[in-house]
Amino acid sequence: MRIASILENRNLEKRIAITPEIAKKYIALGCELSLSENYGEHLGFKDKEYRELGVKISKDDKEIINSADVIVQLGLLPNDKISSIKANQTLIGVFNPYDNKSKIDDLVKDKINIFSLELLPRITRAQSMDILSSQANLAGYKAVIESFASFEKAIPMMMTAAGTVPAAKVLVVGAGVAGLQAIATAKRMGAIVFATDVRMASKEQVESLGGKFLTVEGSENLETEGGYAKEASDDFKKKQEELLGETLKKIDIVICTALIPGKKAPLIIKENMISNMQTGSVIYDLAAVQGGNTAFTEVDKIVKKDGVKIMGETNILNRLPISASSLYAKNVFNFVANLYDKENKKININLEDEIIEKTLIK
Ligand SMILES: NC(=O)c1ccc[n+]([C@@H]2O[C@H](COP(=O)([O-])OP(=O)(O)OC[C@H]3O[C@@H](n4cnc5c(N)ncnc54)[C@H](O)[C@@H]3O)[C@@H](O)[C@H]2O)c1
C-alpha cells in the first residue's frame with residue numbers, strides 16, 4: 001500500500017502530515033511512501049532524511065497522487081490537485097465538511113473514500129487519533145503565550161523594593177480541551193485564573209488545575225451525550241452576560257475558546273462588556289475561525305476597541321508547526337493503522353468499526 005502526501009499551500013498551512021519519525025512507522029507497518037520535494041524543508045526535515053528512510057521524493061505532485069492508495073493531508077487540496085484523485089483512492093485529513101460540502105460531495109460521487117478526522121467519535125479507543133484534542137491542546141497553550149506577550153504588564157505577582165506588581169487576572173471562556181490547557185499554562189506563569197463553561201462537568205477539571213470556576217446561576221445541563229455544548233437559551237445567555245460583565249471589569253486577559261460543533265461560535269463578550277474593561281486588556285479569540293466569541297473579533301486581525309486589544313487568530317498552529325505536525329502525524333498514523341489490513345496489505349473499510357464509520361463521508 002502506497003501512502004502519499006503533497007505540500008499544502010505553505011502560506012496558509014505550515015503543518016505537515018508525515019514527519020520523518022512517522023515515515024519510519026509507516027515503513028515498519030509495511031507501507032511504501034511518496035512525498036513532494038521539500039515536503040518538510042520549512043520545518044527542518046530535509047528530503048535526504050526522508051530518502052534515507054526509504055521514502056520516494058518526487059517533483060511531480062500529480063504523479064505522487066496517481067500512484068498512491070492513500071493520500072494524507074491537512075486540509076482539502078486545491079482543485080487542480082484534487083482532480084487527480086480517482087475512484088477507490090482514499091483521502092484522509094481535516095476537511096471541514098460543513099464548509100466544504102459541495103467539493104466533498106463531488107469527491108464522494110466520484111467514489112473516493114474521504115475520511116475527515118474532526119468527525120472522530122470521542123471514545124477511548126480513538127484518543128490516540130484525536131486530532132481535535134492534540135491540536136486544541138497546543139492552541140490553548142499558544143494563545144496564552146501570544147496574549148501574554150502582547151500584554152504590556154507583568155504576569156506573576158512580584159514583590160520588589162520598589163513596590164509590588166500585582167498578578168494578572170485571566171478569564172478563560174470555554175473550558176474544553178483548549179481552555180483547560182490555557183488555564184494550566186496561565187497558572188504556571190503566575191496568573192490568577194478564572195474560567196467558565198456551559199458544561200458543569202468542566203467545573204471540577206477547572207478547579208483541579210487551580211482555576212476558579214464561574215458558575216452561571218441557574219445553569220442548565222447544556223452538555224450533549226457526546227460531551228459537547230448545546231446552544232444556550234436566551235435566559236441562560238442573559239445570566240451569563242450579567243456574570244461575565246461584572247467579572248470582566250477586573251480581568252486583564254481573556255482567552256476565548258467557546259465553540260458549538262457545526263454552528264457559528266456563540267457571541268459571549270458583547271460591545272458594552274468590552275467598553276467596561278480596563279484599558280490595556282487583551283482578548284485572544286481562538287473561536288475566530290467560527291465567527292468569534294466577541295462582538296469585535298476579526299479574522300487574523302488585531303482590533304483595538306476602547307483601549308482593549310482583540311486578537312482573532314485562525315491558524316495559531318502555524319506558530320508552533322513542528323509540535324503541531326508531530327502530534328497530527330501521530331494521530332493520522334494511528335488512524336491509518338486502524339484502517340490497514342496487514343494480511344492483504346490494503347485498507348479495509350469496515351463500517352462496523354465506529355471510528356471508520358463516523359469519519360467516512362458518505
Ligand atoms: N476521548 C475523549 O474522551 C475526549 C477527548 C477530547 C475531548 N473530550 C471531551 O469533549 C468535550 C468537548 O471538548 P472540546 O474542547 O473539543 O469542545 P469545543 O471545542 O467544541 O468547545 C470548547 C468549549 O466551549 C464550551 N462552550 C460552548 N458554548 C459555550 C458558551 N456559550 N459559554 C461558555 N462555554 C461554552 C464547550 O462546552 C467546550 O467546553 C469536553 O467534554 C472534553 O472533555 C473527550
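Everything numeric in this text was worked out from a predicted model, so none of it was measured.

### Describing the site of the ligand
At step 1: Near the ligand there are 22 residues, and of these Arg122, Ser133, Val177, Asp197 and Arg199 occur at the shortest range.
At step 2: One nitrogen or oxygen atom from the side chain of Arg122 is found 2.5 Å from an oxygen atom belonging to the ligand.
At step 3: Between the ligand and the protein, one listed contact pairs a nitrogen atom with a side-chain N or O atom of Gln127 at 3.2 Å.
At step 4: Taking 850 Å² as the accessible area of the ligand by itself, protein coverage stands at 85%.

### Points about the sheet that holds strand β13 (residues 282-285)
Hydrogen bonds between backbone groups are what pair the strands of a sheet, and the pairing can be parallel or antiparallel.
At step 1: Read across the open sheet, the seven strands follow the order β11-β10-β9-β12-β13-β15-β14; overall the sheet is mixed. Taken across any chain shown, the strands that pair with only one partner, and hence form the sheet edges, are β11 (212-213) and β14 (301-305).
At step 2: Inspection of the sheet shows strand β9 (residues 169-173) paired to strand β10 (residues 192-196) by five bridges, in the parallel sense. When the sheet's bridge partners are listed, Val173 is paired in β10 with Thr196.

### Thoughts on helix α1 (residues 20-29)
At step 1: Pro20, Ile22, Ala23, Tyr26 and Leu29 are the residues of α1 that are buried. For α1, the angular spread of the buried residues around the axis is 165°, confining them to a single face. For α1, the exposed residues lying more than 90 degrees away from the buried face are Lys24 and Ala28.
At step 2: For α1, the elements touching its buried residues are β1 (2-5), β2 (32-36), α2 (47-53), α11 (321-339) and β16 (340-341).
At step 3: The positive-phi residue at the C-terminal boundary of α1 is Gly30, with phi of around 105°.

### Looking at the environment of Gly210
At step 1: Along the chain, the position of Gly210 falls in the loop between α8 (201-208) and β11.
At step 2: Residues Gly210 and Thr359, spaced 149 residues apart in sequence, show a C-alpha to C-alpha distance of 36 Å.

### Points about the pairing of β2
In regular strands, side chains alternate between the two faces of the sheet.
At step 1: Burial analysis of β2 places four of its five residues in the buried class, which makes it a mostly covered element.
At step 2: Pairing analysis gives three bridges linking β2 to strand β3 (residues 56-58), with the strands arranged parallel. Bridge assignment links Leu35 to a residue of β3, and that residue is Ile57.
At step 3: The parallel pair β2 and β3 is bridged by α2, and the resulting crossover is right-handed.

### Description of the domain arrangement of the chain
At step 1: The domains assigned to the chain are domain 1 (2-119 + 320-359) and domain 2 (137-318).
At step 2: Each of domain 1 and domain 2 has a C-alpha centre, and the two are 34 Å apart.
At step 3: Domain 1 puts ten residues into the contact, and the matching count from domain 2 is eight residues.
At step 4: Taken together, the two surfaces of domain 1 and domain 2 that pack against each other cover about 780 Å², and 60% of this comes from carbon and sulfur.
At step 5: The largest share of the area that domain 1 buries against domain 2 comes from Arg15, Tyr98 and Leu320, three residues that together contribute 58% of it.
At step 6: At the surface where domain 1 touches domain 2, the tally comes to zero salt bridges.
At step 7: Applying the counting rule to domain 1 against domain 2 returns four residue pairs in polar contact (both at pLDDT 80 or more).

### Notes on the pattern of salt bridges
When their charged atoms lie close together, side chains carrying opposite charge are able to pair.
At step 1: Going through the model one piece at a time under the given rule, you end up with 24 salt bridges.
At step 2: Where Arg2 meets Glu32, a salt bridge forms, and the shortest distance between an N and an O atom there is 3.2 Å. Of the two residues, Arg2 is situated in strand β1 and Glu32 in strand β2; the sequence distance between them amounts to 30 residues.
At step 3: For Arg2, a relative accessible area of 17% puts it in the buried group.
At step 4: For Glu32, a relative accessible area of 45% puts it in the partly exposed group.
At step 5: Ionic pairing is found between Lys301 and Glu298, a salt bridge with its closest N-O pair at 3.5 Å.

### With respect to the sheet that holds β1
At step 1: Here six strands make up an open sheet; going across it, the order is β3-β2-β1-β4-β5-β6 and the pairing parallel. If you trace the sheet from one side to the other, it starts and ends with β3 and β6 (113-116), each paired once. The average undirected angle you get between the axes of adjacent strands in this sheet is 20°.
At step 2: Two strands pair when backbone bridges link them, and β1 and strand β4 (residues 70-72) are joined in this way by two bridges, in the parallel orientation. Pairing of Ala4 across the sheet is with Ile71, part of β4.

### What to know about the packing of aromatic side chains
At step 1: Inspection of every chain in the model, using the stated rule, returns three aromatic pairs.
At step 2: When the ring of Tyr39 is compared with that of Tyr50, the centres are 6.1 Å apart and the planes differ by 75°; the resulting orientation is edge-to-face. One end of the pair, Tyr39, is in the loop between β2 and α2; the other, Tyr50, is in helix α2, with eleven residues separating them in the sequence. Judged on exposure class, the residue Tyr39 and its partner Tyr50 are both buried.
At step 3: Lys250 extends its terminal NZ or CZ atom over the ring of Phe194, reaching a point 5.7 Å from the ring centre.

Cut-off values and rules
Residues numbered from 1 in each chain as written. Predicted model: local features only at pLDDT ≥ 70, side-chain atom pairs only at ≥ 80, totals over all residues. Heavy atoms only, no water. Near = heavy atom within 4 Å. Polar contact = N/O pair within 3.5 Å; in protein donor to acceptor, adjacent residues only side chain to side chain. Areas by Shrake-Rupley, 256 points an atom, 1.4 Å probe, with all protein chains shown as cover. Pairing = 2+ DSSP bridges. Helix = DSSP H or I, 4+ residues; strand = E, 2+ residues; numbered from the N terminus. Buried < 20%, exposed > 50% of the residue type's maximum accessible area, 1.4 Å probe, protein only. Arc of directions from axis to C-beta. Contact = heavy atoms within 4.5 Å. Right-handed = clockwise from strand over helix to strand, strands pointing away. Domains from an automatic or database assignment. Buried area = accessible area lost by both parts, 1.4 Å probe. Salt bridge = Lys/Arg side-chain N within 4 Å of Asp/Glu carboxyl O. Axes fitted to C-alpha atoms, helices over the stretch in contact; angles between N-to-C directions. Phe/Tyr/Trp six-rings, centres within 6.5 Å; stacked < 30°, edge-to-face > 60°. Lys NZ or Arg CZ within 6 Å of the ring centre and 35° of its normal.

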